[in-house]
Amino acid sequence: MSIAKKLLLITLLVTGLSVAITIALTWSAASDALHGLEGKRVIDSVEREASILQSTIDMVKSDLSMLADGGARYMIEENTEPSVDGLQKVADQLDIMMRERHAYRQVRMLLDSATGTHRVLVSLRNDNVVHTMVDPPVANWNFESLLAEKQGLRNFNEQTRNLSDETSGERVLFVSLPVRGKDRNVIGAIAVVVAIDQVFRTLGKTHDGIAYWIADSAGQYLYQSRPETSGSHTQKAANAIRDFKLAHTWDQVLSGAKPQLIMEFPAIATMLGIRRAPLNVGEGNEIENVLVVGGVISLAELEIKAAALQKQLAISVASIGLLMLLTLFVSTGRLLRPIDVLIKAANRIASGDKNIVIPANNNDEIGTLSRAMTRMAEKLRLAGKDSEQSALGQMASMIAHDLRNALSSVKMNLQILDEHHRKEGDMQIENCEIALGQVRYMETILNDMLTYARPGTAEFDWVDLGDLLRAASVSLLPEITGKSVEVRMEGEEKLPTIMADRNKLLQLFQNVLGNAIYAVPEWGHITIRTRCLLHESQPSVEIRFDDDGPGIPPQIADKVFDPFFTTSARGTGLGLAIVQRIVAQHRGQVYLDSERDHGTTVVVVLPLTQEGTDDLPQSEELS
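In this text the structure is predicted, and so the values were computed from the model without any measurement.

1. Looking at the sheet that holds strand E10 (residues 260-265)
Here is step 1: Pairing is antiparallel across the open sheet formed by five strands, whose spatial order is E9-E8-E12-E11-E10. Across the chains shown, the open sheet's two edge strands, defined by having one partner strand only, are strand E9 (221-224) and E10. Between one strand and the next, the sheet's axes are offset by a mean angle of 20 degrees, whatever the strand orientation.
Here is step 2: Here E10 runs beside strand E11 (residues 270-278); their pairing, made up of six bridges, is antiparallel. Counterpart to Ile262 in the pairing with E11 is Gly273.

What follows is the structure, encoded as structure tokens:
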């Protein structure tokens, strides 16, 4: 299969997979987002209702505190008898408060003076009529027993007007406060009985499609509202724990470990939000004085909206994907067709056909490259009488001269195209990256061939060998990390400075390391070992590049330094030939030590100085 077909097939597969994943993620994300927003709305609404409930309880306690302060101020002082006017003022305040607070069933105030006078104020509500009485005929009423009465949720007997712990009767909230005199001694008590159903009628009145309920610590409903919209879940039983299967979480909500929860019931398309609402009455924070506020909403309409949104998003994503595939198919065909012509022409040249003319009807980069290849074939034909290496050297020179400008133009335009597609965020980026990679690969080939064809003279200077090895490793960091290869250095802690051409040595180390990285498997190891020695009676340094790759077979080991010899499908086979030439320019030695299946070692020996150089490295560098 050709590269063009592989590229197109891979692109089609990646595009199709990306579209499918995008649709799946969009489908899930749209549903999750809508459910999350609806859940937040339910929780916020329930939290609002719980805050209103607690504010109502605080209002009750505030009313009692006001009456307690009035009773202490107007009635009992030192050893004097209570003032009739003061008593009447407190009674008037109590009567006004009872008429304004329709939820209050009964308010009792018991006061004792320092002289032992016992005074009682009672306000009762019968059939929504308030009766406030001063000193009614009662027996065995004292403020100590009133304060000792258990506060919080109680049952109230309408007939006897008494509180009880029985399950029968009206559910009420009982709250009491002491009345203190000027010396802060307790001189009385005030208590109120509040009808729960009257308090809760102000809750859940917003038209938001949520059905609210309030339950006590045992899960029994104290109040249930209904929204205007239909379809919400209706409680058929009298217990929230059984209705919503909250047995495992109810105690955590009451204790405050999980003060609020949001739950979904897909079987009945319902969402439930609950929140803890302590009454803050009595001693401590007893569980029996903790209410739970719940909000229930139907998800049927939400599911319809989510399905419609998901369908729209899926159609949009699929349409964009199809358009991208069509555009890619057309553009890939137009781009790869002339490249196929060039590949066929290059193969003919490689097989020895020098009499070739490549059509160059276009004035773009491909046309320039075609004309350059035609000139290259013509010059190769003229140079056919020379030796093979001379002919290949001339070919390398011509390629570098004629193709570099064309490749630069191609590269520049591809970079502009890549930047454009990155801004647009479309999937053409991958094609641009593939094309840029091919251009960079062609540039590498040209550089290798040019280096071999025109080696140039060495410019010697003192260079730090350790810095050069590190620089070579850093320059190949993308290849090292791409295969997760470990490169480590062993040997001399400080390498000597040597007289050498810095750029040529850097290219030498890059070529050797590049071959080693290509040879080792993923997670392979490359070790650079260095030592100072005497080589041919001259102070020298030895650098060994050991890898754990598959090694080189003995039958080809003596050919690896030959120009254009390679076992790889990519590359020119000039890397080690260039290494050998650079080492020769430095009057050194390079050789191969390899065993099949035991890795490869490339050994480079370089003299510390060159002939005619008076400066020598310091003695400690040779140690």
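2. Some remarks on the side chain of Thr530
Here is step 1: Relative to the elements of secondary structure, Thr530 occurs in strand E16 (residues 525-535).
Here is step 2: Not counting residues within four places of it along the chain, the set of residues in contact with Thr530 comprises Leu469, Glu490, Gly491, Glu492, Leu495, Glu542 and Ile543.

3. Overview of the packing of aromatic side chains
Here is step 1: Scanning all chains against the criterion turns up four aromatic pairs.
Here is step 2: Pairing Trp213 with Tyr221 gives two aromatic rings, centres 5.6 Å apart and planes at 80 degrees, and the pair type is edge-to-face. Across this residue pair, the class does not change: Trp213 and Tyr221 are buried.
Here is step 3: Three or more aromatic residues link up through ring pairs in this structure, and these residues are Trp213, Tyr221, Phe244 and Phe265.

4. Observations concerning the nonpolar core
Here is step 1: Counting 47 residues, the largest nonpolar core has Val107 and Phe200 as its most contacted members.
Here is step 2: Top element by residues in this core is helix H1 (residues 3-74). It accounts for 10 residues.
Here is step 3: Setting aside residues no more than four positions away along its own chain, Phe200 makes contact with Leu53, Ile214, Leu222, Tyr223 and Leu291.
Here is step 4: Ile526, Leu574, Val579 and Val583 belong to the second-largest nonpolar core, a separate cluster that totals 38 residues.

5. Focus on the side chain of Arg105
Here is step 1: Here Arg105 is to be found in strand E1 (residues 104-112).
Here is step 2: Judged by relative accessible area, Arg105 falls into the buried class, the value being 14%.
Here is step 3: Dropping the residues within four chain positions of it, Arg105 is found in contact with Met98, Ser123, Leu124, Arg125, Glu158, Arg161, Glu170, Val193, Ala195 and Gln198.

6. Concerning the sheet that holds strand E4 (residues 152-157)
Here is step 1: Ordered by their spatial adjacency, seven strands build an open sheet running E3-E2-E1-E7-E6-E4-E5, and the pairing between neighbours is antiparallel. Edge strands, defined here as strands with exactly one partner in the open sheet, are strand E3 (129-134) and strand E5 (162-164). Strand-to-strand twist in this sheet, taken as the mean axis angle between neighbours without regard to direction, amounts to 25 degrees.
Here is step 2: Looking at chain direction, E1 and strand E7 (residues 186-195) are connected through seven bridges and run antiparallel.

7. Focus: the environment of Gln585
Here is step 1: Secondary-structure assignment places Gln585 in helix H15 (residues 575-585).
Here is step 2: With a relative accessible area of 23%, Gln585 lands in the partly exposed category.

8. Examining the environment of Val579
Here is step 1: With respect to the helices and strands, the residue Val579 is situated in helix H15.
Here is step 2: The spacing of Val579 and Val590 is 11 residues in sequence and 8.1 Å in space, taken between C-alpha atoms.
Here is step 3: Excluding residues within four positions of it along the chain, Val579 makes contact with Leu508, Asn511, Val512 and Val590.

9. Digging into helix H2 (residues 84-100)
Here is step 1: Counted at 1.5 Å a residue, the expected span for H2 with its 17 residues is 24 Å, and the 24 Å between its end C-alpha atoms agrees.
Here is step 2: Those residues of H2 lying buried are Gly86, Leu87, Val90, Ala91, Leu94, Asp95, Met97 and Met98.

10. Let's talk about the pattern of salt bridges
Here is step 1: Counted under the stated rule, the structure contains 16 salt bridges.
Here is step 2: Between Arg99 and Asp95 there is a salt bridge, with its nearest N and O atoms 2.6 Å apart. Pair noted here: Arg99 and Asp95 are both in helix H2, with a separation of four residues, about one helical turn.
Here is step 3: The class of Arg99 is partly exposed, set by a relative accessible area of 46%.
Here is step 4: Owing to a relative accessible area of 16%, Asp95 belongs among the buried residues under this scheme.

11. Some thoughts on a nonpolar patch on the surface
Here is step 1: A cluster of nonpolar side chains, contributed by Leu17, Ile21 and Leu25, occupies part of the molecular surface with about 300 Å² of accessible area.
Here is step 2: Within the element layout of this structure, Leu17 appears in helix H1.

12. With respect to the confidence of the model for the protein chain
Here is step 1: For the protein chain, per-residue confidence averages 77 on the pLDDT scale, and residues scoring 70 or more make up 77% of the total.
Here is step 2: The model gives residues 228-236 a pLDDT under 50, and that stretch makes 21 contacts with residues more than four places away or in other chains.

13. Comments concerning the packing of helix H13 (residues 502-519) against H15
Axis angle and axis distance: for two packed helices, these are the angle between their axes and the distance between the axes, and together they describe the pair.
Here is step 1: At their nearest, the axes of H13 and H15 sit 9 Å apart, and the two run at 145 degrees to each other. The two elements H13 and H15 cross, and the hand of that crossing is left-handed. Contact residues: Lys504, Leu505, Gln507, Leu508, Asn511, Val512 and Asn515 in H13; Gly575, Leu576, Ile578, Val579, Ile582, Val583 and Gln585 in H15.
Here is step 2: Here the residues of the contact of H13 with H15 sort into eight nonpolar, five polar and one charged.

Cut-offs applied
- Residues numbered from 1 in each chain as written.
- Predicted model: local features only at pLDDT ≥ 70, side-chain atom pairs only at ≥ 80, totals over all residues.
- Heavy atoms only, no water.
- Pairing = 2+ DSSP bridges.
- Helix = DSSP H or I, 4+ residues; strand = E, 2+ residues; numbered from the N terminus.
- Axes fitted to C-alpha atoms, helices over the stretch in contact; angles between N-to-C directions.
- Contact = heavy atoms within 4.5 Å.
- Phe/Tyr/Trp six-rings, centres within 6.5 Å; stacked < 30°, edge-to-face > 60°.
- Buried < 20%, exposed > 50% of the residue type's maximum accessible area, 1.4 Å probe, protein only.
- Core = buried A, V, L, I, M, F, W, Y, C linked by side-chain atoms within 4.5 Å.
- Expected span 1.5 Å × (residues − 1).
- Salt bridge = Lys/Arg side-chain N within 4 Å of Asp/Glu carboxyl O.
- Patch = residues over 30% accessible without salt bridge, like charges linked within 9 Å, V, L, I, M, F, W, Y side chains within 5 Å.
- Areas by Shrake-Rupley, 256 points an atom, 1.4 Å probe, with all protein chains shown as cover.
- pLDDT = per-residue confidence, 0-100.
- Left-handed = near helix turned anticlockwise from the far one by under 90°.
- Nonpolar A, V, L, I, M, F, W, Y, C, P; charged D, E, K, R; others polar.

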